[in-house]
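What follows is the residue order along each chain.
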Amino acid sequence: MKKKITDYDIKNKKVIIRCDLNVPIKDGIIQDDTRIRASLETINYCLDNGASVIILSHLGKVKSDEDKKKNSLYPVCVRLSELLGREVLFSHDTRSDNLTRMCNNLKIGDVLLIENTRFEDLNGNKESGCDLDLAKYWASLGDLFINDAYGTCHRAHASNVGISKYLESGLGFLVINEVSKLDNIINEDTHPYVVIMGGAKVVDKIKVIENLVSKCDKLLIGGGMAYTFLKALDYNVGNSLVDTESIDFCKRMLDSYQDKIVLPVDSVVSESLDSDKCLEKDINKFNDLDMGLDIGSKTIELFKDNLKDAKRVIMNGPMGVFENKLYENGTREILEYLAKNNIKTLIGGGDSVSSVNKFNLANSFYHVSTGGGATLEYLEGKILPGIGAISDE
Ligand code: ADP
Ligand code: MG
C-alpha cells in the first residue's frame with residue numbers, strides 16, 4: 001500500500017502537490033474549470049492543517065515558444081485564487097533563484113503555483129524525459145510531495161515520478177479516490193461481472209481485453225472494435241472500421257473465450273458518416289459499402305439481457321459514433337439501462353466519459369473515472385509509474 005496525504009503530519013510543512021490543472025483555455029479564458037475544482041480538496045486539506053502549498057502542474061503540450069504563450073498557467077492561478085478565496089502567488093519561472101526565494105519565504109497558509117512544468121520540455125524535454133536534476137530542484141523547494149494528478153499517473157515525468165525519488169511522498173485525495181474505486185470494482189468477488197468494451201480500435205485496447213476477459217463472466221463488445229471481431233468470424237463487415245493487424249488477436253480471444261464474448265447481431269449502417277441516410281441491418285446482411293456506426297436494436301436488447309443480473313460492470317468505449325445524433329442510440333440506451341437499474345458501474349476512457357456527460361448521466365454511476373489513458377493502463381493491470389513511485393506504507 002502507498003502512503004496517503006493523511007499519513008503525514010503536515011503542520012508547518014511546505015507541501016508540494018502535483019495537481020492536474022490541465023484545463024481547456026481559449027484566448028486566455030478557461031472553458032471548463034472542473035479540474036481546478038477537483039484539486040481543491042487536497043489543497044484545502046493542507047491549508048486547514050497548517051501547511052503551505054506549492055503546486056506543480058502541466059498544461060497542454062509545449063513544443064515551441066508559440067505553445068508557451070498559449071499554455072501559461074497564469075489564468076489558472078487567477079481562477080484558483082477565486083475558488084480558494086485567498087491570494088495564490090505565481091512563479092513565472094519553473095526553475096530560478098527567484099522561485100527558490102519565493103518558496104523559502106512561504107508562510108503557513110500561503111499557496112504558490114509554479115508555471116507549466118512542460119515549459120521545461122523546451123529545454124531538452126526535461127519534464128517529460130524525467131530529468132533528475134530538475135526533479136531534485138523541485139524537491140528542494142518543499143518538505144513533502146503529494147501526487148494528486150491522476151490523469152498523468154501513467155507518465156513518468158520529473159514532476160511526478162522524478163520528484164518522488166528525493167522526498168517523502170504520498171497520494172492526494174483525487175488519486176486515492178480513483179484507485180480505491182478501480183480496485184474495488186476489479187477485485188470485488190461478486191458475479192455476474194460484465195465488461196462492456198467499445199470505441200474505435202481493438203489495437204488500442206488489446207491489453208485491457210486480455211487482462212479483463214479472463215476475470216469477467218461476460219465481455220460485451222460494441223463500437224468500432226466489434227467489426228474486427230466479426231471479421232475474424234468471416235462476416236462481411238463492408239466498409240466498417242477494421243484493424244487488420246488485430247484480426248489474429250480477435251480469433252484467439254474468440255477461440256479461448258467463446259462462452260464469454262458477446263458480439264453485435266445487428267448494426268445501424270450507412271454508406272458514409274456525412275450522409276443523413278442510415279438503416280438497421282443484421283450482421284449477416286451487410287453489403288460491401290455498409291459501414292456499421294452503432295449497435296442495432298436487437299443488439300441493445302441482447303446486451304441488456306446480458307446485463308440483467310450483473311453485480312458489477314466496467315464499461316470502456318462507446319457503442320457507436322455517439323457524437324453523431326444518428327448513431328448515439330446504442331451508447332445512450334446501454335448507459336441509461338445501467339443507471340436506471342442501479343448496476344454498480346465504473347466508466348473509464350476519455351470518449352466514454354464525454355458520452356456520459358453528453359447524456360447527463362455523470363452522477364448516475366458508481367464511478368466515472370477522470371483519467372483517460374491512466375485508467376486504461378490501470379485496467380491493463382499495470383502499476384502506474386506515478387503511483388508506483390510513491391513511498392510505501
Ligand atoms: P475511449 O476514449 O472511451 O477509450 P475510444 O477512444 O476507444 O474510447 O473510442 C471512441 C471513439 O470511437 C469515438 O470517437 C466514436 O466515435 C468511435 N466509434 C464508436 N463506434 C464506432 C464505429 N462503429 N465506427 C467508427 N468509430 C466508432
Ligand atoms: Mg478515446
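Residues numbered from 1 in each chain as written. Chains lettered and ligands numbered in written order. Predicted model: local features only at pLDDT ≥ 70, side-chain atom pairs only at ≥ 80, totals over all residues. Heavy atoms only, no water.

Lay out the overall build of the chain with the relevant residues and their values.
Of regular secondary structure, the chain possesses 15 helices and 17 strands. On C-alpha atoms alone, the chain measures out to a radius of gyration of 23 Å, which is about the 21 Å that the 2.2 N^0.38 rule sets for 393 residues. Each principal axis of the C-alpha atoms in the chain carries an extent, and together these give about 70 × 45 × 35 Å. By the burial criterion, 54% of the 393 residues in the chain qualify as buried. (Helix = DSSP H or I, 4+ residues; strand = E, 2+ residues; numbered from the N terminus. Rg over C-alpha atoms; globule rule 2.2 N^0.38 Å. Buried < 20%, exposed > 50% of the residue type's maximum accessible area, 1.4 Å probe, protein only.)

Please provide a residue-by-residue account of the sheet that holds strand β8 (residues 169-171), values included.
Strand order in the open sheet formed by 6 strands is β5-β6-β4-β1-β7-β8, with parallel pairing between adjacent strands. Whereas interior strands pair on both sides, the edge strands pair on one side only; in this sheet they are β5 (89-91) and β8. Ignoring strand direction, the axes of neighbouring strands in this sheet form an average angle of 25 degrees. The pairing of β5 with strand β6 (residues 111-114) spans 3 bridges and is parallel. Bridge pairing in β6 places Ser91 opposite Ile114. (Pairing = 2+ DSSP bridges. Axes fitted to C-alpha atoms, helices over the stretch in contact; angles between N-to-C directions.)

Tell me about the domain arrangement of the chain, and name the residues and values.
When the domains of the chain are assigned, the result is domain 1 (5-176) and domain 2 (188-379). Look at where the C-alpha atoms of domain 1 and domain 2 centre, and you get two points 37 Å apart. (Domains from an automatic or database assignment.)

So what's going on with the site of ligand 1? Residues and values would help.
Around ligand 1, a shell composed of 19 residues is seen, among which Lys205, Gly292, Glu323, Asp351 and Ser352 lie nearest. Between ligand 1 and Lys205 there is a distance of 2.7 Å, counted from an oxygen atom to a side-chain nitrogen or oxygen. Within the side chain of Ser352, one N or O atom sits 2.5 Å away from an oxygen atom of ligand 1. Bound to the protein, ligand 1 loses 84% of the 580 Å² it would expose on its own. Counting residues per element, the shell around ligand 1 draws most heavily on helix α13 (residues 350-358), which supplies 3 residues. Tallied by class, the residues present in the shell around ligand 1 amount to 6 nonpolar, 10 polar and 3 charged. (Near = heavy atom within 4 Å. Polar contact = N/O pair within 3.5 Å; in protein donor to acceptor, adjacent residues only side chain to side chain. Areas by Shrake-Rupley, 256 points an atom, 1.4 Å probe, with all protein chains shown as cover. Nonpolar A, V, L, I, M, F, W, Y, C, P; charged D, E, K, R; others polar.)

Describe in detail the state of the cysteines, supporting the description with residues and values.
Here the structure, examined in full by the defined rule, presents 0 disulfides. Between Cys46, a cysteine without a disulfide, and Cys19, which holds the nearest cysteine sulfur, the sulfur-to-sulfur distance is 9.0 Å. No disulfide involves Cys216; its sulfur sits 15 Å from that of Cys250, the nearest cysteine. The buried category is assigned to Cys216, whose relative accessible area is 1%. (Disulfide = S-S within 2.5 Å.)

Which residues make up the pairing of strand β14 (residues 291-295), and what values do they have?
Most of β14 sits out of view: 5 of its 5 residues are buried. With 4 bridges joining them, strand β12 (residues 266-270) and β14 adopt antiparallel strand pairing. When the sheet's bridge partners are listed, Val269 is paired in β14 with Gly292.

Run through the nonpolar core, naming residues and quoting values.
In terms of nonpolar packing, the biggest core is built from 94 residues, with Ile43, Ile55, Leu113, Leu141, Ile209, Leu219 and Phe229 touching the most fellow members. The element contributing the most residues to this core is helix α7 (residues 173-187), with 7 residues. Once you skip the residues sitting within four places of it in the chain, Ile43 turns out to touch Ile17, Cys19, Val53, Ile55, Leu80 and Leu84. (Core = buried A, V, L, I, M, F, W, Y, C linked by side-chain atoms within 4.5 Å. Contact = heavy atoms within 4.5 Å.)

So what's going on with the environment of Lys285? Residues and values would help.
Looking at the element boundaries, Lys285 is found in the loop between β13 (279-282) and β14. Residues Lys285 and Gly238, 47 residues apart in the sequence, show an inter-C-alpha distance of 9.8 Å.

How would you summarise the packing of helix α1 (residues 34-48) against helix α3 (residues 74-84) if you had to cite specific residues and measurements?
In contact at an axis separation of 11 Å, α1 and α3 are set at 60 degrees when each is read in the N-to-C sense. When the axes of α1 and α3 are compared, the pair comes out oblique. The crossing of α1 and α3 is right-handed. Contacts between α1 and α3 pair Ile36, Arg37, Leu40, Ile43, Asn44 and Leu47 from the former with Val76, Arg79, Leu80, Leu83 and Leu84 from the latter. A class-by-class count of the residues in the contact of α1 with α3 yields 8 nonpolar, 1 polar and 2 charged. (Parallel < 35°, antiparallel > 145°, perpendicular 65-115°, else oblique. Left-handed = near helix turned anticlockwise from the far one by under 90°.)

If you had to explain the packing of aromatic side chains to someone new, which residues and values would you point to?
Per the counting criterion, the structure on display carries 3 aromatic pairs. Consider the rings of Tyr45 and Phe173, whose centres lie 5.2 Å apart with planes at 75 degrees: the pair is edge-to-face. With Tyr45 in helix α1 and Phe173 in helix α7, this residue pair connects regions lying 128 residues apart in the sequence. Taking 6.2 Å as the distance between ring centres and 40 degrees as the angle between the ring planes, the aromatic pair formed by Tyr227 and Phe286 counts as tilted. Linking Tyr227 in helix α9 (residues 226-232) with Phe286 in the loop between β13 and β14, this pair joins segments that are 59 residues apart in sequence. Each of the two residues, Tyr227 as well as Phe286, counts as buried. One Lys or Arg, Arg312, reaches over the ring of Tyr193 and ends 3.9 Å from the middle of that ring. (Phe/Tyr/Trp six-rings, centres within 6.5 Å; stacked < 30°, edge-to-face > 60°. Lys NZ or Arg CZ within 6 Å of the ring centre and 35° of its normal.)

Can you lay out the sheet that holds strand β9 (residues 193-197) for me, pointing to particular residues and giving the numbers?
The 6 strands are arranged β11-β10-β9-β15-β16-β17 in an open sheet whose pairing can be described as parallel. Edge strands, defined here as strands with exactly one partner in the open sheet, are β11 (261-262) and β17 (367-368). Contacting β15 (312-316), β16 (345-348) and β17, α7 crosses the sheet at an angle of about 120 degrees to β15. In this fold helix α11 (residues 297-307) packs onto β9, β10 (218-221), β11 and β15, with an angle of close to 160 degrees to the strand it touches most, β10.

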